[in-house]
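Here are the chains, one letter per residue:
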Amino acid sequence: MPTTVFLLDDHEIVRRGIAQLLESADDITVVGEAATAAQALARIPALRPDVAILDVRLPDGDGVSVCRDIRSAISPPPACLMLTSYSDDEALFGAIMAGAAGYLLKQVTGVDLVGAVRAIAAGGSLLDSRATAVVLERLRKGDEPSDPRYASLSPQEKRILSLIADGLTNRQIGAELFLAEKTVKNYVSSLLHKLGFTRRTEAAVYAAGLRKENGA
């Protein structure tokens, strides 16, 4: 049976390109697509693909959170391959913690992407030993705050919380993270809700406290 793949990327042209590339391989079939995290979370459980290729940055969330959610909701879970345009240690850390089987930049060649899908579908991992070592070291040092409210934030929300603590406005955060100002506003609303705050000043004070606890 061919390996079944689900694609999550907010750019249609990217999805089409990846789909055509994968479909050119006799042993791979694309069974579904989504442009948002919400669409992916609704469609993947019903389709039960062998592999889910997830864009890290999405308009309504992030691929790391989707990876974590679908791996906890489906048994057996799909092998998740994170695909991103940016090299980001925080996202890599989040991906490993979420159980992703691989993390690739979009600059990857078509041949390597097909090979990656085959590798993780067979139970392999594309997370190199250096990346895994970094995660283990962070866990050993306890860099991640123990507050369960903070742990509930997605990697992107944690980045935005840190920038709020630096005093950046939504527009400035958007420029820093290559996000639309409206998208940043949605992230801020989400992280405030998860932290139990109503004002961003409360979040800024909270983030400053976390930094002090961790000696930053």
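Asks: Kindly report on helix α3 (residues 63–73), identifying the contributing residues and their values.
Replies: Those residues of α3 that fall on the buried side of the exposure criterion are Gly 63, Val 64, Ser 65, Val 66, Cys 67 and Ile 70. For α3, the capping residue at the N-terminal end is Asp 62, with a side-chain oxygen 3.1 Å from the backbone nitrogen of Val 64.

Asks: Can you explain the pairing of strand β2 (residues 28–34)? Please cite residues and give values.
Replies: As paired elements, strand β1 (residues 3–8) and β2 share six bridges and run parallel to each other. Residue pairing in the sheet places Leu 7 in a bridge with Glu 33 of β2. Viewed along the sheet, the connection from β1 through helix α1 (residues 12–23) into β2 turns out right-handed.

Asks: I'd love a proper account of the pairing of strand β3 (residues 51–55), names of residues and values included.
Replies: Burial analysis of β3 places five of its five residues in the buried class, which makes it a mostly covered element. The side-chain alternation of β3 yields two buried faces, one formed by Val 51, Ile 53 and Asp 55 and the other by Ala 52 and Leu 54. One ladder, built from four bridges, connects β1 with β3; its direction is parallel. The partner of Leu 7 across the bridge, within β3, is Ile 53. Pairing analysis gives five bridges linking β3 to strand β6 (residues 79–84), with the strands arranged parallel. What sits directly across from Ile 53, in β6, is Leu 81.

Thresholds, definitions, all that
- Residues numbered from 1 in each chain as written.
- Predicted model: local features only at pLDDT ≥ 70, side-chain atom pairs only at ≥ 80, totals over all residues.
- Heavy atoms only, no water.
- Buried < 20%, exposed > 50% of the residue type's maximum accessible area, 1.4 Å probe, protein only.
- Helix = DSSP H or I, 4+ residues; strand = E, 2+ residues; numbered from the N terminus.
- Polar contact = N/O pair within 3.5 Å; in protein donor to acceptor, adjacent residues only side chain to side chain.
- Pairing = 2+ DSSP bridges.
- Right-handed = clockwise from strand over helix to strand, strands pointing away.

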